[in-house]
Structures are given as C-alpha cells and as structure tokens.
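Reading the structure
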Amino acid sequence: MGIPLGQLARTLRRDERTVRDWLSGKTRVPWWVPEYMRQRQMNMTALGPRLGVVRGAVIELATRRPKKSRKLQTCGLMTSTR
C-alpha cells in the first residue's frame, strides 16, 4: 500500500516493532488488520472504532467520580467506613 511503517503503526495503534514483526513474518498478523486496511482503502472505516482503532493525537479519558463514603449505623452511632 505504500504506507510508511511509523504511520501504519500509529494508525493501527501498535508499536513499530510489532508491525515490523508482522511484515517480516515473525508473528502472525491479527485477523482485524487486513480487514481494517481493506475498509480503509475503500473509505469505509466504520469498523475502526469498534476495533479500538481511533484517529487523532489526543484521547480524552473519562473523569473519575469520587467514591461515596458508606455509613454504617451501629447502636445509634454513625460511623464512616472505607
């Protein structure tokens, strides 16, 4: 396809060494790589997000909600536990 190794690795979200091993035949190429590349060539990249392949330089993670403290009621006393 003529895609540079580094760009291919970034597109597939894999390390360059992993992609190099695939191309040299050292390790097997996962089933989804040829399928993704075929769809990419046809401009049908709807499969990408379902496989975890995303585009963009920044991935925004969800913010973590603070844990709620649970309270136990023992003999009329309120105590907080973790």
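Below, the structure is looked at part by part. From a predicted model like this one, the values you see are computed outputs, not experimental measurements.

1. Details of the overall build of the protein
Regarding its fold elements, the protein presents four helices and two strands. By residue count, 21% of the 82 residues in the protein fall in the buried class. For the protein, long-range pairs separated by at least 24 residues make up 29% of all intrachain contacts whose partners lie at least 6 apart in sequence. With the model as given, the accessible surface of the protein reaches about 7600 Å², and the carbon-plus-sulfur share is 52%.

2. A word on the packing of helix α1 (residues 5–12) against helix α2 (residues 16–24)
For the pair α1 and α2, the least separation of the axes is 9 Å and the interaxial angle reads 105 degrees. Taken together, the axes of α1 and α2 lie roughly perpendicular to each other. Of the residues in α2, those in contact with Leu5, Gly6, Leu8, Ala9 and Leu12 of α1 are Glu16, Val19, Arg20, Trp22 and Leu23. Class assignment of the residues belonging to the contact of α1 with α2 gives a composition of seven nonpolar, one polar and two charged.

The rules behind the values
- Residues numbered from 1 in each chain as written.
- Predicted model: local features only at pLDDT ≥ 70, side-chain atom pairs only at ≥ 80, totals over all residues.
- Heavy atoms only, no water.
- Helix = DSSP H or I, 4+ residues; strand = E, 2+ residues; numbered from the N terminus.
- Buried < 20%, exposed > 50% of the residue type's maximum accessible area, 1.4 Å probe, protein only.
- Contact = heavy atoms within 4.5 Å.
- Areas by Shrake-Rupley, 256 points an atom, 1.4 Å probe, with all protein chains shown as cover.
- Axes fitted to C-alpha atoms, helices over the stretch in contact; angles between N-to-C directions.
- Parallel < 35°, antiparallel > 145°, perpendicular 65-115°, else oblique.
- Nonpolar A, V, L, I, M, F, W, Y, C, P; charged D, E, K, R; others polar.

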